Amino acid sequence: DMMTNILKLNRLENQQIYPQVTEFDLGEQLCECLLQYENVWEKAEIEIDTDIAENVRVKADAELLSHVWNNLFSNAFKFTPSGGMVTVTLTATEHHAIVKVTDTGCGMTPEVGAHIFEKFYQGDTSHSKEGNGLGLALAKRVLDISGGAISVTSAPGEGTAFTVSLRRNA
């Protein structure tokens, strides 16, 4: 898994992956990716809350973007304790689609948040066996290539929210 991520990130950084851009419904993709984690949230008794706008279409590489959603969902479930909540929203402005993935997990300090998009950085070493510090670096690179952006807000003990902005097709 780590080698696959290293190779993907290396190809993305060196522009050896050329995005296969198609137009698709972003809400459908988000729901499909989220449903892959149904067993995880049910086993952990994590509540799911979604507010997905309909007919939000984007032009992007769907396979590359799925890596972004899978990483954000995986992290949200990994860091949210039993009984917590993960929220996924999709809203649209005239020019952008905004995806927000919020959890009620352990959160992180501003110092950790400043580094989480760096390769191999892991702010929570207690979870070091469950990740390799490449997922968010890969997600950021995919969004850079796609003309999108990702940001994070978090507070220790309160949870974390990742916001992704993508250019939208009206």
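Conventions and cut-offs
Residues numbered from 1 in each chain as written. Predicted model: local features only at pLDDT ≥ 70, side-chain atom pairs only at ≥ 80, totals over all residues. Heavy atoms only, no water. Salt bridge = Lys/Arg side-chain N within 4 Å of Asp/Glu carboxyl O. Helix = DSSP H or I, 4+ residues; strand = E, 2+ residues; numbered from the N terminus. Buried < 20%, exposed > 50% of the residue type's maximum accessible area, 1.4 Å probe, protein only. Phe/Tyr/Trp six-rings, centres within 6.5 Å; stacked < 30°, edge-to-face > 60°. Core = buried A, V, L, I, M, F, W, Y, C linked by side-chain atoms within 4.5 Å. Contact = heavy atoms within 4.5 Å.

Chemist: I'd like a description of the pattern of salt bridges, backed by residues and values.
Modeler: All told, the structure shown has two salt bridges when counted by the stated rule. Here R57 and E23 are joined by a salt bridge, their closest N and O atoms 3.0 Å apart. Placement of the pair is R57 in strand 3 (residues 57–60) and E23 in strand 1 (residues 22–25), with a sequence separation of 34 residues. Of the residues examined, R57 reaches a relative accessible area of 32% and is grouped as partly exposed. Here E23 falls in the partly exposed class, since its relative accessible area comes to 39%. One salt bridge in this structure joins D144 and K140, with 3.3 Å as the shortest N-O distance. One end of the pair, D144, and the other, K140, are both in helix 6 (residues 135–145), four residues apart, so they sit about a helical turn from each other. Given a relative accessible area of 36%, D144 falls into the partly exposed group. On the accessibility criterion, K140 (31% relative accessible area) is partly exposed.

Chemist: Could you give an account of the packing of aromatic side chains, naming the residues involved and the relevant values?
Modeler: What the rule picks out here adds up to three aromatic pairs. Here Y37 and F73 contribute two aromatic rings whose centre-to-centre distance is 6.3 Å and whose plane-to-plane angle is 80°, an arrangement assigned as edge-to-face. Taken together, the residues span a long stretch of sequence, with Y37 in the loop between helix 2 (26–35) and helix 3 (38–43) and F73 in helix 4 (residues 62–79) at a distance of 36 residues. The buried category is assigned to F73, whose relative accessible area is 0%. Aromatic rings pair up to connect Y37, W41, F73 and F77 into one cluster.

Chemist: Talk me through the nonpolar core; I want residue IDs and the actual numbers.
Modeler: L26, L65, V68, W69, L72, F73 and V164 are the most contacted members of the largest nonpolar core, which has 37 residues in total. When contributions to this core are tallied by element, the ones reaching two or more residues are helix 2, strand 3, helix 4, strand 4 (85–92), strand 5 (96–103), helix 6 and strand 7 (159–167). By residue number, the principal contributor to this core is helix 4, which donates eight residues. Excluding its chain neighbours within four sequence positions, the residues that come into contact with W69 are L26, Q29, L30, C33, V99, V164 and L166.

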